[in-house]
Structures are given as structure tokens and as C-alpha cells.
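Secondary and tertiary structure notes
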Amino acid sequence: MADLSLTGGQGVVDPAWLKLARSQPVGVADKPRRRRKLGPGRPIPYGATLGPVLLLILWSIGSATGYIDDRILSAPWTVATTGWELIQDGRLQENLWTSFQRSFWGLFWGIVAGASLGVIAGLSRIGEYLVDGPIQIKRAIPALALIPLLMLWFGIGEGMKILTIALITFAPIYIQTHDGLRSTDARFIELAETLDLSNGQFLRHVVLPAALPGFLLGLRFGVTYSWLALVVVEQVNATSGLGYMINLARTYGQTEVIILCLAVYAALGLSSDWLVRFITRKALPWRKILAD
Amino acid sequence: MAQDSGRLNQPPVVEVRGLTRRYGARTIIDGVDLDIGRGEFVALLGRSGSGKSTFLRALAGLDHGVPGSGRLGTPDAVSVVFQDARLLPWKRVVDNVTLGLNGQTPRERALHALAEVELTARAQAWPTQLSGGEQQRAALARSLVREPELLLLDEPFGALDALTRLRMQALLLDLCARHRPAVLLVTHDVDEAIHLAQRVLVLDEGRFVVDLDVGLPAEAGARQRRFAEVRGQLLSSLGVTGEELRRVA
């Protein structure tokens with residue numbers, strides 16, 4: 001737009017300063033003055049896949065030329081054929097399903113605990129005093145350090161695994177929900193007062209919608225953490241699941257199985273993150289407008 | 001004057017006696033009295049920090065925890081329009097207008113109010129999709145749909161560009177003529193105060209130093225003279241010197 005109006009202006013008006021400019025060498029005067037554009041440049045379609053594809057190519061070349069030792073890192077095609085075999089005999093699906101269930105239920109209870117404690121601490125002072133302190137202390141303790149205690153209390157069964165995942169995932173959900181509730185714009189609180197909203201209306205129309213973006217951000221962290229937590233619990237005394245597969249493969253030196261499991265973890269993490277972003281877009285339609 | 005007799009016949013909508021508000025050691029509002037009659041349009045001028053917003057917030061009942069004393073009689077139905085439109089971004093325009101609305105057919109009433117501010121076409125839009133003027137029109141619709149007896153306006157057009165402000169001022173006059181609320185407009189714009197209000201107050205160091213009936217005549221020449229007279233008077237009470245006035249205006 002700026003360029004257009006500049007050239008258009010030259011055609012219509014002809015002030016003295018413009019004549020001055022024309023008396024200079026033609027090449028300089030006629031050249032439209034366009035600033036160099038700062039910034040990272042134009043987006044390329046599917047550009048985000050460029051990096052991973054490059055890595056895959058390097059890996060293939062390395063394996064094919066023998067530059068990468070098969071005992072250190074299996075070739076991509078070995079991983080693919082092993083994956084196919086594991087799917088054929090059903091072991092991959094079986095372990096994946098077990099892992100998925102653990103992750104799902106752990107995350108489920110993490111969401112329930114994180115969201116409800118976040119609401120309690122966010123809406124009442126007393127609630128905050130009672131709930132926030134212990135949670136901050138719990139957050140300061142590394143989750144891994146809790147596992148021995150949890151094993152003593154709950155054994156090494158499914159309950160302990162789900163509890164550990166829930167304990168790890170609830171923290172970010174709690175923090176973001178609490179923060180979202182607490183940072184409700186004071187201007188909107190004032191508005192609610194002038195509109196004589198009841199407590200219920202204030203909660204429903206102002207506070208909870210204001211906290212929703214925070215909760216969803218917490219959920220995004222929680223989902224990622226649920227896969228991380230899975231790795232932790234499954235490499236401790238598990239007899240099924242992806243983590244168990246990795247442990248077993250390490251014992252037998254099967255790098256292709258380890259790589260395969262890592263690829264499955266990556267796929268799970270990426271797709272669940274995409275799912276949460278999808279939910280966020282659907283749940284916050286008024287935000288999408290801003291992004292557009 | 002016509003307004004004065006009207007004020008005597010009916011009890012005032014707003015009755016303030018000896019209102020005092022303090023922030024720490026500073027007295028912001030220093031024992032002021034004010035009556036606003038039914039349907040009266042009052043503008044409140046003052047320099048920055050003169051306490052005009054504090055006064056409006058006291059009338060709106062928004063000054064929790066600000067120490068002070070005095071009697072404050074305000075009606076039940078009070079609406080406030082702020083400088084920012086303050087629309088909830090997660091609610092469509094029409095749902096912002098119906099927010100907290102009691103009684104029958106809130107939606108129809110909201111749509112009617114939006115029609116009054118010529119925003120029917122944007123009823124289903126998100127607030128972020130509206131221009132500044134449109135947002136402020138939606139805020140006006142939200143305040144008027146409650147049929148307030150007292151409408152408090154806190155520099156409502158301060159953030160708008162000059163053209164939009166002009167159109168909003170005309171719209172506000174129309175709406176007030178139709179709904180007849182008592183209005184207190186807080187502004188720093190002297191011309192806006194004279195154009196819109198029947199009565200202009202100037203607040204300085206916590207007290208009303210000017211209480212003036214504008215009374216613009218209908219005839220163009222006389223109107224212009226009266227406007228200039230009132231304007232000069234108000235500006236000098238706000239601390240603008242004659243020298244400054246001559247150089248700029």
C-alpha cells in the first residue's frame with residue numbers, strides 16, 4: 001500500500017522538492033524507495049518437516065555406507081521391518097495399548113485433581129492457603145524421588161503406575177488453572193460488579209471462561225508429561241508396555257526395537273499435542289479470530 | 001430556569017451530601033454536595049488527578065476499601081460505561097449485552113438495544129472483530145438495555161478518533177433523549193462537555209469550583225457567542241491562561 005501511494009503521489013502532484021530529486025541522476029530518482037524487510041522470511045509449505053527429513057536422510061546414508069555401526073544404531077529399514085514383524089505378531093499393539101491405558105488413566109486423574117484443586121485454590125482464599133502450599137512443596141520434590149515411597153505404599157501394580165503419572169501430570173494443570181483464575185482481568189471483575197452479576201453468573205460468565213485458556217495450556221503440558229511419566233514408571237518393574245519393550249531390547253542388544261519404541265513415543269507425543277491444540281482451537285473460537 | 005423548577009418538583013435521582021474520599025494522607029474528594037435531577041445531563045470536568053474518576057467510581061459503588069465519609073443516594077438501576085468498552089472477549093456481542101440481564105425476553109431486548117446503536121449486523125460477531133467505535137456502541141447498548149435511572153460515563157469517547165467521537169456524541173444525545181436517564185459524564189474535553197451537557201461542573205482539589213448551566217440558545221449567532229463565553233470560563237477555571245487560549249484557539 002505504501003509503495004502504491006508513493007508512486008501515485010508522484011504522478012498527481014509535482015512539488016518543488018520532487019523536481020529537485022529528478023535533477024539528480026535518473027537511476028536514483030526513479031528507484032522506488034523500499035525498505036529491506038526484517039524478520040525470518042516467508043513460510044514454506046510443510047517446511048517444518050525439512051529438519052526431520054534431513055536427519056532421516058543422513059541416518060540412511062550413514063547406515064548404507066557402513067559409517068554408522070549397526071550395533072550402535074540400526075538402519076532405518078531394519079527398524080521398519082522389525083516394526084512390521086512386531087505388528088504382525090501383535091506384540092507392538094499389545095504393549096502400546098497397555099501403555100496408552102496407563103497414560104490415559106494417569107492423565108485423567110491428573111486432570112481431575114489438577115483442575116479441581118486449581119479451582120478450589122483459585123476461588124477461595126482459605127482454599128489457596130490450604131492447597132497451594134503442599135502442592136508447591138510437592139512440586140519441589142522430583143517425581144522420580146517419590147517412586148520408592150510409592151512402591152512401598154502401593155506395590156508395583158497398575159495402581160502405583162497410574163498414581164505416579166497422575167502425580168506428575170496434575171501439577172502443570174493445577175498451576176495454569178489456578179493462575180488463570182487468579183489473573184482474571186480486574187476490569188472484568190469491575191464490570192461484573194456494575195452489572196450486578198450473582199456469584200453464580202460471575203463464575204459462569206466471567207471467571208471460568210477467563211481461566212479456560214490457562215487450563216488448556218496446563219493440559220498441553222500435562223499431556224506431554226503423561227508420556228514422560230510413562231517412561232519412568234515402565235522402566236521400573238514393568239512386565240508390559242513400551243518401556244518394558246525398551247528394557248527387554250536393551251538386555252538383548254536390539255537397537256532396532258529401542259529405536260522403534262522411541263519413534264512410537266515421538267508419534268504419541270506429537271499427535272496428542274496436536275489433539276490438545278485442536279481442542280483449544282475449538283474451545284476458544286474467539287481466540288482464533290486474533291490469530292487470523 | 002426550566003431545569004431548576006424540574007429539580008424542585010421531583011426528588012433528585014442522585015443526592016450526594018458531604019462526600020469525602022481519601023487515598024492515604026491525600027484527600028481526593030473533600031466534602032462535596034451534588035443533586036442530579038431526573039433526566040438531567042451533567043458533565044464533570046477536571047484536570048488529571050482532580051478526583052473526577054474517584055467521584056464517578058464512588059457513585060458507581062466501585063470504590064471498595066477507599067476510606068471516606070458522607071451520604072450517597074443513588075438509584076438501584078445504575079449503568080456504567082468505561083473508557084474501554086470492556087466487552088468480554090469470549091462472548092459474542094449480543095451475549096455481552098444480555099450479560100446479567102434479568103426479566104422477560106432478554107435476547108429480544110438486547111437485539112433491540114443493538115438496533116438502537118445500529119449494530120444489528122454485528123450482533124453475532126466477537127468483540128475483537130469490532131472497531132473501537134463499534135465496541136463502544138456495544139457498551140452503550142449494554143448499559144441502556146438495563147433502562148438505568150443513572151448513567152455514568154467515564155471518558156467514554158476518550159480512546160476514539162475525532163470523527164468517530166463526533167458520531168458517538170450525536171448518538172449518545174439521541175439515546176439520552178429517548179431513554180431520559182440522569183447522566184454524569186466525566187470528561188477532560190471542554191467542548192464535549194458544553195455540547196452534550198445541560199450543566200457542567202468543574203472539580204478542583206476535591207471540590208466543585210464551577211457549577212454552570214450551559215443553556216445554549218437555539219439561534220446560531222447567539223449560540224456561538226454563548227458557546228465561546230462558556231468555553232472561556234471553563235477553560236480558565238481549569239487553569240488555561242488567556243494567553244494560551246489566544247495562541248491556540
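Before going into details, it helps to say that this report is about the structure given with it. (Residues numbered from 1 in each chain as written. Chains lettered and ligands numbered in written order. Predicted model: local features only at pLDDT ≥ 70, side-chain atom pairs only at ≥ 80, totals over all residues. Heavy atoms only, no water.)

Looking now at the overall build of chain A. Looking only at helices and strands, chain A features 14 helices and zero strands. Along its sequence from the N terminus, chain A presents helices and strands in the succession α-α-α-α-α-α-α-α-α-α-α-α-α-α. In chain A, which comprises 292 residues, the proportion classed as buried is 35%. Counted over contacts in chain A with a minimum sequence separation of 6, partners at least 24 positions apart contribute 71%. (Helix = DSSP H or I, 4+ residues; strand = E, 2+ residues; numbered from the N terminus. Buried < 20%, exposed > 50% of the residue type's maximum accessible area, 1.4 Å probe, protein only. Contact = heavy atoms within 4.5 Å.)

On to the overall build of chain B, then. Assigned secondary structure in chain B consists of nine helices and nine strands. Along the three orthogonal principal directions, the C-alpha set of chain B runs to about 50 × 45 × 40 Å. A burial count over chain B gives 49% of its 249 residues as buried. Nonlocal contacts in chain B, meaning residues at least 24 apart in sequence, comprise 69% of its contacts between residues at least 6 apart. On chain B, the mean spot of the 31 positive side-chain charges and the mean spot of the 31 negative ones are 3 Å from each other. (Lys, Arg positive; Asp, Glu negative; His and termini not counted. Charge placed at Lys NZ, Arg CZ, Asp CG, Glu CD.)

Right, let's get into the pairing of strand S2 (residues 26-36) of chain B. Residues and elements named next belong to chain B. In the sheet, strand S1 (residues 14-23) pairs with S2 via eight bridges, with the strands oriented antiparallel. Bridge pairing in S2 places Tyr 23 opposite Arg 26. Adjacent in sequence and paired antiparallel, S1 and S2 are bridged by two residues, among which Gly 24 carries a positive phi angle near 65°. (Pairing = 2+ DSSP bridges.)

A word on the sheet that holds strand S4 (residues 68-73) of chain B. Residue and element names in this part refer to chain B. Pairing is antiparallel in the open sheet, where three strands are placed in the order S2-S1-S4. The sheet terminates laterally at S2 and S4, the two strands that pair on one side only. Adjacent strand axes in the sheet meet at a mean angle of 15°, parallel and antiparallel pairs treated alike. Where S1 meets S4, five bridges bridge the pair, whose relative direction is antiparallel. Bridge pairing links Glu 15 to Gly 73 in S4. Sitting on the sheet, helix H2 (residues 52-60) touches S1, S2 and S4, and the angle it makes with S1 is about 120°. (Axes fitted to C-alpha atoms, helices over the stretch in contact; angles between N-to-C directions.)

What follows concerns the pairing of strand S3 (residues 41-46) of chain B. Residue and element names in this part refer to chain B. Taken across its six residues, S3 has six buried, putting it largely inside the fold. Neither face of S3 is exposed, since Phe 41, Ala 43 and Leu 45 on one face and Val 42, Leu 44 and Gly 46 on the opposite face are all buried. In terms of strand pairing, S3 meets strand S7 (residues 182-186) through four bridges, oriented parallel. Paired with Phe 41 across the strands is Val 183, a residue of S7. Where S3 and strand S8 (residues 199-204) come together, five bridges link them in parallel fashion. Within S8, the position partnered with Val 42 by the bridge is Arg 199.

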